[in-house]
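Chains, contacts and geometry: an overview
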Amino acid sequence: MPSILIADDHPFSLMGTKAFVESLGYQVTNSCSNGITALNLIKIHLPDIAILDVNMPGLSGLEVLKQIATLRLQTRVILLTMHREKSVFEKASQYGVHGYLLKEFAQKELHDCLKNVQQGKQYLSPNIQSELIQDSLFIKEGLETLSFAERKILDLIAGNKTSKQIAE
């Protein structure tokens, strides 16, 4: 049975995902609520699979995925997210993601995803193509060089969020 790490900054999602994965017969060896801890645990314990939320404090799931690729670690990454933006998916693909699931379909698809990823195959949610949206904010020339966190801050600013709300 593969060792699995789960990282999600929402305690309810973290505990629910952990309980669900364990109910499928998998062993969750570590769980945490931020990207920095996730990356450190991955470096130390080298789990077979990491299930990461995209939005987390410290490092985003994408940034953790990028570091895993850069360090050439063997941990396979599944991104479990609410992000429908095509640019997020494309960035994840560029960094070598093994599974990409939208949270709303995870209960139906996570088991198949884990089986595929465990066998070294990639898993892309069958629902993903119809759900991805073209995010015009990220396509504009010059914005491609921004990190995921910088783009998220710009998105929050565009949404008229206060500095305090953005900081949270």
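The coordinates are above.
What counts, and where the lines are drawn
- Residue numbers restart at each chain and count upward from 1, following the sequence in its written direction.
- With the structure being a predicted model, the display of local features is reserved for residues of pLDDT at least 70 and the display and counting of side-chain atom pairs for 80 or more, all residues being used for whole-chain, interface and lining totals.
- With hydrogens and water set aside, each side-chain value is computed from the structure's full complement of heavy atoms.
- To define axes, lines are fitted to C-alpha atoms, for helices over the stretch in contact only, and angles between the resulting N-to-C directions are given on a 0 to 180 degree scale.
- Runs of E in the DSSP output that reach at least two residues are strands. Runs of H or I that reach at least four are helices, and both are numbered from the N terminus.
- Orientation labels follow simple angle bins: below 35 degrees gives roughly parallel, above 145 gives roughly antiparallel, 65 to 115 gives roughly perpendicular, and whatever is left gives oblique.
- Two helices that cross are described as forming a left-handed crossing if the nearer one is turned anticlockwise from the farther one by less than a right angle, and a right-handed crossing if clockwise.
- A contact between two residues is defined here by any heavy atoms of the two lying within 4.5 Å.
- Throughout, the ten residues Ala, Val, Leu, Ile, Met, Phe, Trp, Tyr, Cys and Pro are labelled nonpolar, Asp, Glu, Lys and Arg are labelled charged, and all others, Gly among them, are labelled polar.
- Each salt bridge in this description consists of a side-chain nitrogen of Lys or Arg and a carboxyl oxygen of Asp or Glu lying within 4 Å of one another.
- Throughout, exposure labels follow a simple rule: accessible area from a 1.4 Å probe, protein chains only, divided by the maximum for the residue type, with under 20% read as buried, over 50% as exposed, and the rest as partly exposed.

Here we look at the packing of helix H1 (residues 11-23) against helix H5 (residues 106-118)
Across the interface, H1 lies against H5 with an axial gap of 11 Å and an inter-helix angle of 55°. One finds that H1 runs oblique with respect to H5. The two elements H1 and H5 meet at a crossing, and its hand is right-handed. Here Thr17, Phe20 and Val21 of H1 lie close against H5, whose contacting residues are Ala106, Gln107, Leu110 and Leu114. Residue composition of the contact of H1 with H5, grouped by class: five nonpolar, two polar and no charged.

Examining the packing of helix H2 (residues 35-45) against helix H3 (residues 61-70)
The geometry of a pair of packed helices is captured by two quantities: the angle between their axes and the separation between those axes. Orientation of H2 relative to H3, taken along the N-to-C sense of each, is 25°, at an axis distance of 9 Å. One way to sum up the angle between H2 and H3 is to call them roughly parallel. Relative to H3, H2 is oriented so that their crossing is right-handed. Residue-level inspection shows Gly35, Leu39 and Ile42 of H2 in contact with H3, the latter providing Val64, Gln67 and Ile68. Across the contact of H2 with H3, the residue classes tally to four nonpolar, two polar and no charged.

Focus: the pattern of salt bridges
Side-chain pairs of opposite charge can arise where the charged atoms are in close proximity. Scanning the entire structure with this criterion turns up four salt bridges. Glutamate 22 is the partner of lysine 18 in a salt bridge, and the nearest nitrogen-oxygen pair spans 3.0 Å. On the criterion of helical spacing, the pair formed by lysine 18 and glutamate 22 is a turn pair, its members being four residues apart in helix H1. One salt bridge connects lysine 103 with aspartate 53, and the closest N-O pair in it is separated by 3.6 Å. Of this pair, lysine 103 sits in the loop between strand E5 (99-102) and H5 while aspartate 53 is found in the loop between strand E3 (49-52) and H3, placing the two residues 50 residues apart along the sequence. For aspartate 53, a relative accessible area of 5% puts it in the buried group. The network of salt bridges with common partners includes Asp8, Asp53 and Lys103.

Considering helix H4 (residues 86-94)
Residue pairs spaced three or four apart in an α-helix point in one direction, given the helix's 3.6 residues per turn. Listed in full, the buried residues belonging to H4 are Ser87, Val88, Phe89 and Ala92. Positive phi appears at glycine 96, one or two residues downstream of H4, with a value of about 90°.

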